[in-house]
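Coordinate inspection notes
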Amino acid sequence: MARSEQQHSGNRRIPKQARVARFIETWLGAPLHALEVILNWILVKPTRWFWRHLDRLSYKLEGTLLRKILSHTVFPFTILLALFLGFKLVENGISSLTVLGFALIPIVFGLYCAPLERLMPYSRKWLEGGNDTAVDTIMYVSGAFWSGISGLIVSALFIVGMVEALEPYGHDLWPNHWNPIVQVFLFILIKDFFRYWFHRALHEIPALWRIHAAHHSVERLYWLNGIRAHPLEIISQALWYAIPLALVQPSAEIALVAVIMQLSIGIFQHSNIDLELGWWEYVFSIGDNHRYHHYPDKGIGDSNYGGEFIIWDILFGTFHNPRDERPHDNIGIGTAPEYPMTVAGLYIAPFMPNQKDVFRTPSASSNDEIADAPNASETSLQPAE
Ligand SMILES: [Zn+2]
Ligand SMILES: [Zn+2]
């Protein structure tokens, strides 16, 4: 069942025939590549030994009552805990300590998701992926950096001023007297309406798909790579989000708890834990919903766009989650199996010409249209369970 490291290609580079891009990736990306190698040695390889010991335990856990209980309770427990901790953090107003706690909560949830992935994996094939953990760690940190930069760009474009000017009106509209938990979910729901259309545009408009392809380049789903995104996607989404932020103005406390909730739900979008989610998958964009979203065949992958909720997909007809089926684990970009996996390669790829030819397998016919990518169902591998 295990694939070779080369197949997983956590370090796959821009193909040689794209000489200019490859040159830029090599020389401008050298510091990033050095960082990938260092992280691989100090983070990925040493922890692999520990993880493989957990694998043995996971076989013992199969079919037990404990595993069944965990598979039903991990998600609701995490969400309730995030909600509880979120409100605890803002109980006495927002301070620098609150912000620190805010940064730590999703990391803590991630760290307990990682062993759970090993103990009860959805796909054993997804447990390891070359040095993609090193790449994803850098993408996580660089994503936070670009989020900060996007805040500055939003300020520079006077969008912050616009939001502040509209605040009194938005504040009047916002139901401050409602239960705080309802306010949190209402805020996420409104924001997610904007995420839904932004994400749908990223898939349906070819120029935008180039930017979003960095996210879909992943060949396995695990807790850390949900945040893999090109800086242009991060910045343009921040600009787009200025609209709901201008329209609705909950208190800063509600907005902060909402962000914690978004991050906590987000971990379950990519986590490789075999959970019994039941009706939660008709409310949130998690589990199988997002596994279908990463199908290499765009006919299926162009679905389930919700960031946190799946409700907008159900309403707008893009929900895909057949009841009698489990998604396979052969994911990626069907039309671009040679998409680069280095940090520099991911940054450069959207700007490269002739992508249809460069990122295809050498055997693929260059005359085929991009929509004629091999259908995932022909080559799929079933999950280990
Ligand atoms: Zn997508
Ligand atoms: Zn994803």
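In this report, the structure presented in the accompanying data block is examined. On a predicted model such as this, the values are computed, not experimentally measured, just so you know.

Some words on the overall build of the protein chain
- Counting secondary structure elements, the protein chain contains 17 helices and 0 strands.
- For the protein chain, with 385 residues in total, the buried portion stands at 41%.

Describing the packing of helix H8 (residues 180–204) against helix H11 (residues 252–270)
- The contact between H8 and H11 brings their axes to 9 Å, and the two run at 65°. When the axes of H8 and H11 are compared, the crossing they make is right-handed. In this structure, H8 contributes Pro180, Gln183, Val184, Phe187 and Ile188 to the contact, and H11 contributes Ile254, Ala255, Val257, Ala258, Met261 and Gln262.

Quick notes on unusual backbone geometry
- The backbone phi angle of Asn304 is positive, close to 50°, even though this residue is not glycine.
- Inspection of the secondary structure assignment puts Asn304 in the loop between helix H13 (298–301) and helix H14 (311–316).
- The backbone of Asn354 sits at a positive phi, close to 50°, despite the residue not being glycine.
- For Asn354, the position within the fold is in the loop between helix H15 (343–348) and helix H16 (355–358).

Some words on the nonpolar core
- Cys113, Val184, Val257, Ala258, Met261 and Ile273 are the most contacted members of the largest nonpolar core, which totals 45 residues.
- Contributing elements (two or more residues each) for this core: helix H4 (65–89), helix H5 (96–119), H8 and H11.
- At 10 residues, the largest contribution of residues to this core is made by H11.
- Apart from the residues lying within four places of it in its own chain, the contact partners of Ala258 are Val184, Phe187 and Ile188.

Topic: helix H3 (residues 30–61)
- With 32 residues, H3 extends 43 Å between its outermost C-alpha atoms, agreeing within 8% with the 46 Å of an ideal straight helix rising 1.5 Å per residue.
- Along H3, the sharpest kink reaches roughly 40°, centred on Asn40.
- Here H3 has its buried residues at His33, Glu36, Val44 and Ser58.
- Two residues or fewer after H3 comes Gly63, characterised by a positive phi angle close to 75°.

Re the packing of H4 against H11
- It is the contact of H4 with H11, at a shortest axis distance of 9 Å, that shows an interaxial angle of 160°. Here H11 runs roughly antiparallel to H4, going by the angle between their axes. Relative to H11, H4 is oriented so that their crossing is right-handed. Packed against H4, whose contacting residues are Phe75, Thr78, Ile79, Ala82, Leu83, Gly86 and Phe87, the element H11 presents Val257, Ile260, Met261, Ser264, Ile265 and Phe268 at the interface.
- Class assignment for the residues of the contact of H4 with H11 results in 10 nonpolar, 3 polar and no charged.

With respect to helix H2 (residues 19–27)
- All of the buried residues in H2 are Ala21, Arg22 and Glu25. Seen end-on, H2 carries its buried residues on one side only, within an arc spanning 100°. Every exposed residue of H2 that faces more than 90 degrees away from the buried side is listed here: Arg19, Val20, Phe23 and Trp27.
- Taken together, the buried residues of H2 touch H15.

What counts, and where the lines are drawn
- Residues numbered from 1 in each chain as written.
- Chains lettered and ligands numbered in written order.
- Predicted model: local features only at pLDDT ≥ 70, side-chain atom pairs only at ≥ 80, totals over all residues.
- Helix = DSSP H or I, 4+ residues; strand = E, 2+ residues; numbered from the N terminus.
- Buried ≥ 20, exposed ≤ 12 C-beta atoms within 10 Å, placed from the backbone.
- Axes fitted to C-alpha atoms, helices over the stretch in contact; angles between N-to-C directions.
- Left-handed = near helix turned anticlockwise from the far one by under 90°.
- Contact = placed C-beta atoms within 7 Å.
- Core = buried A, V, L, I, M, F, W, Y, C linked by C-beta atoms within 7 Å.
- Expected span 1.5 Å × (residues − 1).
- Bend = angle between axes of the 7 residues up to and from the residue.
- Parallel < 35°, antiparallel > 145°, perpendicular 65-115°, else oblique.
- Nonpolar A, V, L, I, M, F, W, Y, C, P; charged D, E, K, R; others polar.
- Arc of directions from axis to C-beta.

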